[in-house]
Amino acid sequence: MAIREVLRMGDPRLLRRAAPVEDLRDPALAALLVDMRDTMRSLDGAGLAAPQIGVSLQVVIFGLEHNPRYPDAAPVPDTVLINPVVTPLEEALEEGWEGCLSVPGMRGLVPRWRRIRYEGLDEHGAPMAREVEGFHARVVQHEVDHLLGLLYPMRIRDLRNFGFLDAFEAGRLPGAEPGNGSLSTDAESG
């Protein structure tokens with residue numbers, strides 16, 4: 001269908017709570033999903049939330065097979081998740097580098113639950129639930145945050161660990177070397 005403009009941090013629409021999807025048979029939902037997939041793929045993203053393209057509905061997509069932006073990331077199945085609910089499976093948080101298509105060129109060290117269960121509906125309205133960990137769990141939490149009006153910088157504990165990717169790479173921030181869950185394998189989803 002179409003590659004849509006991704007809203008950038010500062011746009012007030014990114015700070016709104018998204019509404020639940022009520023009619024899964026609405027043709028506009030099918031068109032939205034096509035646009036979201038086209039947009040995410042065009043930007044080599046790992047995920048995208050509907051609010052990022054100006055649609056305030058509880059819809060996220062994510063998935064990753066082989067992506068040069070995430071050379072060390074484990075595959076994440078292509079998923080449409082509607083009206084999601086995320087539940088931590090343990091209290092343990094782990095910090096990892098994230099970026100966002102709505103915060104281009106920047107990275108931050110963000111705490112996330114290591115293991116989660118997510119539930120919701122797929123694009124056909126069938127219930128789905130998965131228990132995941134690691135990068136997959138991080139991507140899901142990042143995308144679902146968009147539905148709550150949260151951007152990843154709001155979760156950063158120490159702003160010394162937030163900045164422009166090129167500046168971090170030039171200065172080789174400790175702990176930000178490629179290959180250790182770092183800047184090259186961050187969750188720059190949506």
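Structure first, text after, so check above.
Note that the coordinates shown come from a computational prediction; the quantities given were computed from them, not determined experimentally.

Each value, and the rule that gives it
- Residue numbers here run from 1 along each chain, matching the order of that chain's written sequence.
- Per-residue local features of the predicted model are confined to residues with pLDDT of at least 70, and side-chain atom pairs are confined, for both listing and counting, to 80 or more; whole-chain, interface and lining totals are unaffected and use all residues.
- Side-chain numbers come from the whole structure's heavy atoms, not from hydrogens or water.
- Only DSSP runs of H or I with at least four residues qualify as helices, and only runs of E with at least two residues qualify as strands; both kinds are numbered from the N terminus onward.
- This radius of gyration counts C-alpha atoms alone. The globule rule is 2.2 Å times how many residues there are, raised to the power 0.38.
- Throughout, exposure labels follow a simple rule: accessible area from a 1.4 Å probe, protein chains only, divided by the maximum for the residue type, with under 20% read as buried, over 50% as exposed, and the rest as partly exposed.
- Whether two residues touch is decided by their heavy atoms; if any such pair falls within 4.5 Å, the residues are in contact.
- Residue exposure ignores everything except the shown protein chains as possible cover, and the areas themselves are Shrake-Rupley values with a 1.4 Å probe.
- Side-chain atoms within 4.5 Å link the members of a nonpolar core, which is a set of buried Ala, Val, Leu, Ile, Met, Phe, Trp, Tyr and Cys residues.
- For two strands to be treated as a pair, DSSP must find at least two bridges joining them.
- Here a salt bridge means any side-chain nitrogen of Lys or Arg lying within 4 Å of a carboxyl oxygen belonging to Asp or Glu.

Student: Got a minute to help me understand the overall build of the chain in this structure?
Tutor: For the chain, the count of helices and strands is three helices and eight strands. Listing every helix and strand of the chain by position from the N terminus yields α-β-β-β-β-β-β-β-α-β-α. For 190 residues, the compact-globule estimate of 2.2 N^0.38 gives 16 Å, and the chain sits close to it at 16 Å. Each of the three principal axes of the chain carries a C-alpha extent, and together these read 50 × 35 × 30 Å. Classification of the 190 residues of the chain by burial places 48% in the buried group. Across the chain, every contact between residues at least 6 apart in sequence was considered, and the portion connecting residues at least 24 apart equals 68%. Within the structure as shown, the chain displays about 9100 Å² of accessible surface, and the carbon and sulfur contribution to it stands at 53%.

Student: What is the right way to look at the nonpolar core in this model?
Tutor: Considering soluble globular proteins, one finds that nonpolar side chains tend to be buried as a cluster. By size, the foremost hydrophobic cluster in this structure holds 20 residues, and its most contacted members are Phe62, Tyr118 and Phe135. Counting only elements with at least two residues in this core, the list comes to strand E2 (59-64), strand E3 (76-88), strand E6 (115-121), strand E7 (127-133) and helix H2 (134-147). Among the elements that take part in this core, H2 stands out by supplying six residues, more than any other. Contacts of Tyr118, omitting those with residues within four sequence positions, involve Phe62, Thr79, Leu81, Val85, Val86, Met128, Ala129, Arg130, Val132, His136 and Val140. Counting 16 residues, the second largest nonpolar core, distinct from the first, contains Val6, Leu32, Ile53 and Val55.

Student: Help me out: how do you make sense of the pairing of E6 in this one?
Tutor: Successive side chains on a regular strand alternate, one facing one side of the sheet and the next facing the other. What you see with E6 is a clean split: Ile116, Tyr118 and Gly120 sit on the buried side and Arg115, Arg117, Glu119 and Leu121 on the side with no burial. Pairing between E3 and E6: five bridges, direction antiparallel. When the sheet's bridge partners are listed, Thr87 is paired in E6 with Arg117. Inspection of the sheet shows E6 paired to E7 by seven bridges, in the antiparallel sense. Each residue of the ladder has a partner; that of Glu119, found in E7, is Ala129. Adjacent in sequence and paired antiparallel, E6 and E7 are bridged by five residues, among which Gly125 carries a positive phi angle near 90°.

Student: Got a minute to help me understand the pattern of salt bridges in this structure?
Tutor: Any two side chains of opposite charge can pair, given that their charged atoms come close. Overall, the coordinates contain 15 salt bridges when judged by the stated rule. Residue Arg112 pairs with Asp145 through a salt bridge whose shortest N-O separation is 2.7 Å. You can see Arg112 sitting in strand E5 (residues 103-113) and its partner Asp145 sitting in helix H2, a full 33 residues away along the chain. Take Arg112: its relative accessible area is 3%, and that puts it in the buried class. In this structure Asp145 comes out as buried when scored by relative accessible area, which is 5%. Residues participating in the shared-partner salt-bridge network are Glu98, Arg112, Arg138, Asp145 and Arg155.

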